Amino acid sequence: MDAAKAGDRRALARLLSAIENGELHIQEPQRNDSDWKILALTGPPGVGKSCLLDRLLHEWVDHGLRIAVLAVDPSSPRSGGALLGDRVRMQVVDDVERKDSVYVRSVATRKTSGSVPLVVREMAFCLLDVGWDKVVIETVGAGQSEVRCAAVADRIVLVEGPARGDGVQAEKAGLLELADAVIVNKSDLDGAQRHADELRESLHLGHEEAPEVHLVSALHGTGIADVASTLLSVEQSTRAGRARWRERLLSHHERQLLQHIKFELLLSKIEEGLMSFDEAYAELRNGNE
Ligand SMILES: Nc1nc2c(ncn2[C@@H]2O[C@H](COP(=O)(O)OP(=O)(O)O)[C@@H](O)[C@H]2O)c(=O)[nH]1
Ligand SMILES: [Mg+2]
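Residues numbered from 1 in each chain as written. Chains lettered and ligands numbered in written order. Predicted model: local features only at pLDDT ≥ 70, side-chain atom pairs only at ≥ 80, totals over all residues.

## Considering the overall build of the protein
Part 1 of the argument: Across its full length, the protein holds 12 helices and 7 strands.
Part 2 of the argument: Its C-alpha atoms give the protein a radius of gyration of 20 Å, near enough to 19 Å, the size a compact globule of 289 residues would have.
Part 3 of the argument: Its C-alpha atoms give the protein principal-axis dimensions of about 60 × 50 × 40 Å.
Part 4 of the argument: Taken across its 289 residues, the protein has 41% of its residues classed as buried. (Helix = DSSP H or I, 4+ residues; strand = E, 2+ residues; numbered from the N terminus. Rg over C-alpha atoms; globule rule 2.2 N^0.38 Å. Buried ≥ 20, exposed ≤ 12 C-beta atoms within 10 Å, placed from the backbone.)

## Considering the environment of G221
Part 1 of the argument: Structurally, G221 can be placed in the loop between β7 (213-215) and α9 (224-232).
Part 2 of the argument: G221 sits 13 residues away from V234 along the chain, and the two C-alpha atoms are 20 Å apart.

## Observations regarding the site of ligand 1
Part 1 of the argument: Surveying the vicinity of ligand 1 reveals 16 residues, the closest of which are G48, K49, S50, C51 and L219.
Part 2 of the argument: Sorting the residues of the shell around ligand 1 by element identifies α3 (49-62) and α4 (81-89) as the ones contributing at least two each.
Part 3 of the argument: Ranked by the residues each element gives to the shell around ligand 1, the list is headed by α3, at 3 residues. (Near = placed C-beta within 6 Å.)

## Thoughts on the pairing of strand β3 (residues 102-107)
Part 1 of the argument: For β3, a buried count of 5 out of 6 residues is recorded, marking the element as mostly surrounded by other parts of the structure.
Part 2 of the argument: In the sheet, strand β2 (residues 67-72) pairs with β3 via 6 bridges, with the strands oriented parallel. Among the inter-strand pairings, A68 is bridged to a residue of β3, identified as Y103. (Pairing = 2+ DSSP bridges.)

## Some points on helix α2 (residues 9-20)
Part 1 of the argument: Over its 12 residues, α2 runs 16 Å from end to end, which matches the ideal 16 Å to within 8%, given 1.5 Å per residue.
Part 2 of the argument: Residue G22 follows α2 closely and has a positive phi angle near 75°. (Expected span 1.5 Å × (residues − 1).)

## Structural notes on the sheet that holds strand β6 (residues 181-184)
Part 1 of the argument: Reading across from one edge, β3-β2-β4-β1-β5-β6-β7 is the order of the 7 strands in this open sheet, with parallel pairing throughout. Strands with a single pairing partner mark the edges of an open sheet, and in this sheet they are β3 and β7. Adjacent strand axes in the sheet meet at a mean angle of 20° when their direction is disregarded.
Part 2 of the argument: Across 6 bridges, strand β1 (residues 38-43) lies against strand β4 (residues 134-140) in parallel orientation. Counterpart to A40 in the pairing with β4 is I137. (Axes fitted to C-alpha atoms, helices over the stretch in contact; angles between N-to-C directions.)

## Section: the packing of helix α5 (residues 116-129) against helix α6 (residues 144-151)
Part 1 of the argument: At a closest axis distance of 8 Å, the pairing of α5 and α6 adopts a crossing angle of 25°. Taken together, the axes of α5 and α6 lie roughly parallel to each other. The handedness of the crossing between α5 and α6 is right-handed. Within the contact between the two elements, α5 uses V116, P117 and V120 and α6 uses S145, R148, C149 and A151.
Part 2 of the argument: Residues belonging to the contact of α5 with α6 are distributed by class as follows: 5 nonpolar, 1 polar and 1 charged. (Parallel < 35°, antiparallel > 145°, perpendicular 65-115°, else oblique. Left-handed = near helix turned anticlockwise from the far one by under 90°. Contact = placed C-beta atoms within 7 Å. Nonpolar A, V, L, I, M, F, W, Y, C, P; charged D, E, K, R; others polar.)

## What to know about the environment of L284
Part 1 of the argument: Along the chain, the position of L284 falls in helix α12 (residues 277-285).
Part 2 of the argument: The exposure class of L284 is partly exposed, given the 17 C-beta atoms found within 10 Å.
Part 3 of the argument: Between the alpha carbons of L284 and K37 there is a distance of 34 Å; along the sequence they are 247 residues apart.
Part 4 of the argument: Filtering out sequence-adjacent residues up to four positions away, L284 remains in contact with L257, H260, F263 and L266.

## Examining the pairing of β2
Part 1 of the argument: Across the 6 residues of β2, 6 count as buried, placing the element largely inside the fold.
Part 2 of the argument: Burial along β2 is two-sided: I67, V69 and A71 facing one way and A68, L70 and V72 facing the other are all buried.

## Structural notes on the nonpolar core
Part 1 of the argument: Counting 73 residues, the largest nonpolar core has V120, I137 and V157 as the members making the most contacts within it.
Part 2 of the argument: Excluding anything up to four places from it in sequence, V120 contacts L70, V72, V107, I137, C149 and V152. (Core = buried A, V, L, I, M, F, W, Y, C linked by C-beta atoms within 7 Å.)

## Remarks on the confidence of the model for the protein
Part 1 of the argument: Summarising the model, the protein shows a mean pLDDT of 87, and 91% of its residues fall at 70 or more.
Part 2 of the argument: Considering only residues more than four positions removed or in separate chains, one finds that residues 77-82, a stretch of pLDDT under 50, has 8 contacts. (pLDDT = per-residue confidence, 0-100.)

Below you can see the structure in the form of structure tokens.
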């Protein structure tokens, strides 16, 4: 821990791997400010989250911040294409003037036996603990587990692309309800403005207060400086708060069940038809004896 605090990146990588493997647990650090420390950037694959994040990192580093990134991508093994792609898109890590202020780490979700969101949460705590100012979690907003990875964060930013003619998918995924801000990327393409309008409409349905929808182009850099400074002070949306606590509570519940010493045994019994779900669940709820 001390070496990592002193800036030894190898020592930090080892700490993070230990958390990933469930060998090390980190408590939530004490906070005495209301600024966000952990931000999630979430949205469908291919909308430009990595490109956008690279732009934002340039801006934030120039604000004097030191930022760590956790890239969670369930669809790819550690050495696989998407993460390599993320790495390529993260040009800031090769920028001589800025690279010392940035740390990018991918999270191998296939390796973890426990609950991915809780592993991501502890990794973020660890990064804050060793002295990074802020942590950004990039996660694909696809499945339940990814939504819960986003819910780990203090603020959630939903990234979307131009309209694809299938309505507001984020609403169905429950992501819109969690968002503190929405960014529609690829404003250089047709349909981006239309999608921003659709999102605003969905956000305002039945709600007086709604998170802002920003239009940017990560490719051309349009609107980036504004969004970068807005995001630094983005407030938690009142309606997102409760949804987020719900996801966090469910993550904890999941971990309780996964950590039970009889979990695998009970699973086998269900598989073999020797036990019903209700019976197994009743045993799991009893806790470890
Ligand atoms: N036209 C356009 N393409 C973009 C923009 N931002 C990203 N892209 C492209 O979208 C693709 C996916 O980007 P990436 O950042 O990997 O998306 P992610 O999967 O959400 O992380 C890449 O080919 C990018 O070059 C943009 O603002 N405009
Ligand atoms: Mg990406």
